[in-house]
Amino acid sequence: MEKCDTTMGNVINIFLKDLPTLKDFVTCTNHKCKKTTVTSIPIPYITVNVKNDNLDELENMVNLRINNETTLCGHVDDLKSPCAGYKTIRTDVSKLHIFIELLYWNGK
Ligand SMILES: [Zn+2]
């Protein structure tokens, strides 16, 4: 992917960095795992890849991003073996705004 410094994302990062669209909270079932977040991870905006100008799937794609997700953690602390716990990412959605960046992806 090419890097572009004038994306909507950069503008939002600069002007709305204290008002993220989402806040992610990561917890791991392994209590010794350092993947668990103490404070939330601010997500300034949601990025959705679109293949054409059809936005029928937009709501689904945003819901997929917002829904809780539990996966094998696999976090590696220092030189120890990967964490065998399950991590869950819970997402709080801003009540003020939801910024969605649409990236047109032409498959190249
Ligand atoms: Zn873990």
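Preceding block: the structure.
So, how was this worked out
Residues numbered from 1 in each chain as written. Predicted model: local features only at pLDDT ≥ 70, side-chain atom pairs only at ≥ 80, totals over all residues. Helix = DSSP H or I, 4+ residues; strand = E, 2+ residues; numbered from the N terminus. Rg over C-alpha atoms; globule rule 2.2 N^0.38 Å. Buried ≥ 20, exposed ≤ 12 C-beta atoms within 10 Å, placed from the backbone. Pairing = 2+ DSSP bridges. Axes fitted to C-alpha atoms, helices over the stretch in contact; angles between N-to-C directions. Contact = placed C-beta atoms within 7 Å.

Undergrad: How would you summarise the overall build of the protein if you had to cite specific residues and measurements?
TA: A tally of regular secondary structure across the protein gives two helices and six strands. Ordered by position in the sequence, the α and β elements of the protein form the string α-β-β-β-α-β-β-β. Computed over C-alpha atoms, the radius of gyration of the protein comes to 16 Å, more than 25% over the 13 Å expected from 2.2 N^0.38 for 108 residues, which places it beyond the range of a compact globule. Counting across all 108 residues of the protein, residues that qualify as buried make up 7%.

Undergrad: Give me the lowdown on the environment of T39, citing residues and values where you can.
TA: Locating T39 in the fold gives a position in the loop between strand 1 (22-28) and strand 2 (41-43). T39 gets classed as exposed once you count the C-beta atoms within 10 Å, which come to 7.

Undergrad: Please set out the sheet that holds strand 1 residue by residue, giving values where relevant.
TA: Pairing is antiparallel across the open sheet formed by four strands, whose spatial order is 2-1-5-4. Edge positions in the open sheet fall to strand 2 and strand 4 (69-72), since each of these has one partner strand only. Taking the axes of each pair of neighbouring strands and ignoring which way they run, one obtains an average angle of 25 degrees across the sheet.

Undergrad: Please set out the environment of D92 residue by residue, giving values where relevant.
TA: Looking at where D92 falls in the secondary structure, it is placed in strand 5 (residues 86-93). For D92, a count of 14 C-beta atoms within 10 Å corresponds to the partly exposed category. Spatially, the C-alpha atom of D92 lies 5.6 Å from that of L22, the residues being 70 residues apart in sequence. The residues touching D92, leaving out its near neighbours within four places in the chain, are L22 and K23.

Undergrad: I'd like a description of the environment of C33, backed by residues and values.
TA: Along the polypeptide, C33 turns up in the loop between strand 1 and strand 2. Residues C33 and K87 lie 54 residues apart in sequence; the distance between their C-alpha atoms is 9.5 Å. Leaving out residues up to four positions away in the same chain, C33 has contacts with C28, C73, H75, C83 and G85.

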